Amino acid sequence: MRQTNQDQALTVAGQNTEIDIDDRALRSAIESSEIALHYQPQISSATGNLVGLEAFALWMHPERGLIFPDNFIGRIRTLGIFNEFDRLITDRGLSEMRHLSGKGYGTPRLSLKLSIDSLCDIGFPDTILSLAKKHGVPSENVIVEIMETDGINKLAPTLEVLTRLRMKNFQLCINDFGIGYIGIQQLRDIAPTELKINKTFVQNMLVNDGDRVMVQKIILIAHELNMKVLAEGVETQEQLEYLRLKGCDYAQGYLFSQPLPPGQMVDWLEAYRSWELQ
């Protein structure tokens, strides 16, 4: 059931606009239950089967509705509370994965975008492992996404943390690969298990030679280094077919679903499973 879910469109505050963020309210939101996760499915390009879910954090503001992370992530870094924020979304994401597993959907992998602050914390691997054990989610089903645009200079201090995560069987994904600063040497040092192709390349690859070459080269590099490849921003069947033809492992985008809150994601999973069995 590939769909855009426009009938489930969400009302959000601050989308594509600048809004004032009250620091005390933001701290309170993290300490209470106002930070919520929405999930977007990741699909096997070869089989069409669900392989995982990526978590997106949003602020459920009591007066403004849902606030997109672009409007508050910067304040979290300025306030120096990213570790608390990352622990919150990790704990909640793992809890909701266990809930989905209990409903008979297996244990889909959970993909989490975590801050460079957490990835510089030598205690973080033990923290995330304890949370995974708490919720009964195998560490190999958790993917820690590294933002390539954080830059080499910020990634260098994280190498020991990333090594410890891999030793504990967590997966590592370089997000937005191709638009940042990571080269082949850094890929060797970081040893990720997956590369994610930035959506701008995916959305233009059928009409722009440069973007098409980038997609092909990223897939080639990843496979030569024994990594999987996920393409984000897939919106058309033609894009999916091209990615399948070129050997891209996984696809994610509005062709399948927009990010959905847990309750709607359960409905989507049920409908998608019924479609798969047809």
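The structure this text deals with has already been given above.
Here the structure is a predicted model, which is why all the values come from computation and not from measurement.

S.K.: Is there a simple way to think about the overall build of the protein chain in this case?
M.R.: Secondary structure summary: the protein chain contains twelve helices and ten strands in total. For the protein chain, the residues scored as buried account for 49% of the 278 residues in total. Taking the intrachain contacts of the protein chain between residues at least 6 apart in sequence as the baseline, contacts between residues at least 24 apart amount to 71%. Working note: accessible area of the protein chain is about 12900 Å², and carbon and sulfur atoms make up 49% of it.

S.K.: Help me understand the environment of K217, please; the structure alone is not making it clear to me.
M.R.: Tracing the backbone shows K217 in helix α10 (residues 209-224). Taking the C-alpha atoms as reference, K217 lies 9.8 Å from G178; in sequence the two are 39 residues apart.

S.K.: Looking at this structure, I do not really get the pairing of strand β5 (residues 109-113). What am I missing?
M.R.: Taking burial as the measure, the five residues of β5 include four buried ones, the bulk of the element. Two elements, strand β3 (residues 50-61) and β5, share three bridges in a ladder whose sense is parallel. Bridged to L53 within β5 is L110. Direction of pairing for β5 relative to strand β6 (residues 142-147): parallel, over a ladder of four bridges. What sits directly across from L112, in β6, is V144.

S.K.: So what exactly am I meant to see when it comes to the packing of helix α5 (residues 124-135) against helix α7 (residues 159-167) here?
M.R.: Helix-helix packing is characterised by the crossing angle of the two axes and by the distance between the axes. Here α5 crosses α7 at 30°, and the two axes come no closer than 9 Å. Judged on the interaxial angle alone, α7 and α5 are roughly parallel. Pair α5 / α7 crosses with right-handed handedness. Between α5 and α7, the contacting residues are F124, P125 and I128 on the first element and V161, R164 and L165 on the second. Grouping the constituent residues of the contact of α5 with α7 by class yields five nonpolar, no polar and one charged.

S.K.: How should I be thinking about the side chain of E145 in this particular structure?
M.R.: Mapped onto the fold, E145 is located in strand β6. Overall, the relative accessible area of 0% leaves E145 in the buried class. Among the polar contacts made by the side chain of E145, one reaches the side chain of S111 at a distance of 2.4 Å. A distance of 2.8 Å separates polar atoms of two side chains, one belonging to E145 and the other to K196.

S.K.: I'm lost on the side chain of T193 in this one. Help?
M.R.: Assignment of secondary structure puts T193 in the loop between α8 (184-190) and β8 (194-197). Once residues lying within four places of it in the same chain are set aside, the contact partners of T193 are R166, Q171, L172, M227 and K228.

S.K.: Help me out: how do you make sense of the pairing of β8 in this one?
M.R.: Note on strand geometry: in a regular strand, side chains alternate between the two faces of the sheet. Residues E194 and K196 line one face of β8 and the alternating positions L195 and I197 line the opposite face, and both faces are buried. As paired elements, strand β7 (residues 171-177) and β8 share three bridges and run parallel to each other. Residue pairing for β8: F177 is matched across the bridge by I197. Where β8 meets strand β9 (residues 228-232), four bridges bridge the pair, whose relative direction is parallel. Among the inter-strand pairings, I197 is bridged to a residue of β9, identified as A231.

S.K.: Help me understand α5 in this model?
M.R.: Quick reminder: α-helices carry 3.6 residues per turn. Residues three or four places apart thus point the same way. Across its twelve residues, α5 extends 17 Å between first and last C-alpha, which sits within 8% of the 16 Å expected from 1.5 Å per residue. Residues F124, P125, I128, L129, L131, A132 and H135 constitute the buried set of α5. An end-on view of α5 places all buried positions within 160° of arc, on one side of the element. Of the exposed residues in α5, the ones pointing more than 90 degrees away from its buried face are K133 and K134. Positive phi appears at G136, one or two residues downstream of α5, with a value of about 70°.

S.K.: Where do I start with the environment of K134 in this structure?
M.R.: Note on placement: K134 falls in helix α5. Taking the C-alpha atoms as reference, K134 lies 8.8 Å from L94; in sequence the two are 40 residues apart. Ignoring sequence-local partners within four residues, the contact set of K134 consists of D91 and R98.

Conventions we followed
Counting from 1, residues in each chain are numbered in the order their sequence is written. Only residues with pLDDT of 70 or above have their local features reported here, since the model is predicted, and side-chain atom pairs are shown and tallied only from 80 upward, although totals for entire chains, interfaces and linings are computed over all residues. Just so you know, side-chain values use all the structure's heavy atoms and leave hydrogens and water out. Strands are runs of DSSP state E lasting at least two residues, helices are runs of H or I lasting at least four, and both sets are numbered from the N terminus onward. Burial classes follow relative accessibility: with a 1.4 Å probe on protein chains only, a residue under 20% of its type's maximum area counts as buried, one over 50% as exposed, and anything between as partly exposed. Between two residues, a contact is recorded if the distance between any of their heavy atoms is within 4.5 Å. Throughout, the Shrake-Rupley method with a 1.4 Å probe supplies accessible areas, and for residues the shown protein chains are the sole cover considered. Pairs of strands are assigned from DSSP output, requiring at least two bridges between the strands. Orientation is described by lines fitted to C-alpha atoms, with helices fitted over the stretch in contact, and by angles between N-to-C directions that extend from 0 to 180 degrees. To sort the angles, those under 35 degrees are grouped as roughly parallel, those over 145 as roughly antiparallel, those from 65 to 115 as roughly perpendicular, and the leftovers as oblique. Less than a right angle of anticlockwise turn of the near helix away from the far helix marks a crossing as left-handed, whereas a clockwise turn marks it as right-handed. Charged residues are taken to be Asp, Glu, Lys and Arg, nonpolar residues to be Ala, Val, Leu, Ile, Met, Phe, Trp, Tyr, Cys and Pro, and polar residues to be all remaining types, Gly included. Polar contact is the term for a pair of N or O atoms within 3.5 Å; when the atoms are in protein, one must be able to donate a hydrogen and the other to accept it, and sequence-neighboring residues count only if both atoms are side-chain atoms. Multiplying 1.5 Å by the helix residue count minus one yields the expected span of that helix. An arc is given here, and it is the one of the directions from the helix axis to the C-beta atoms.

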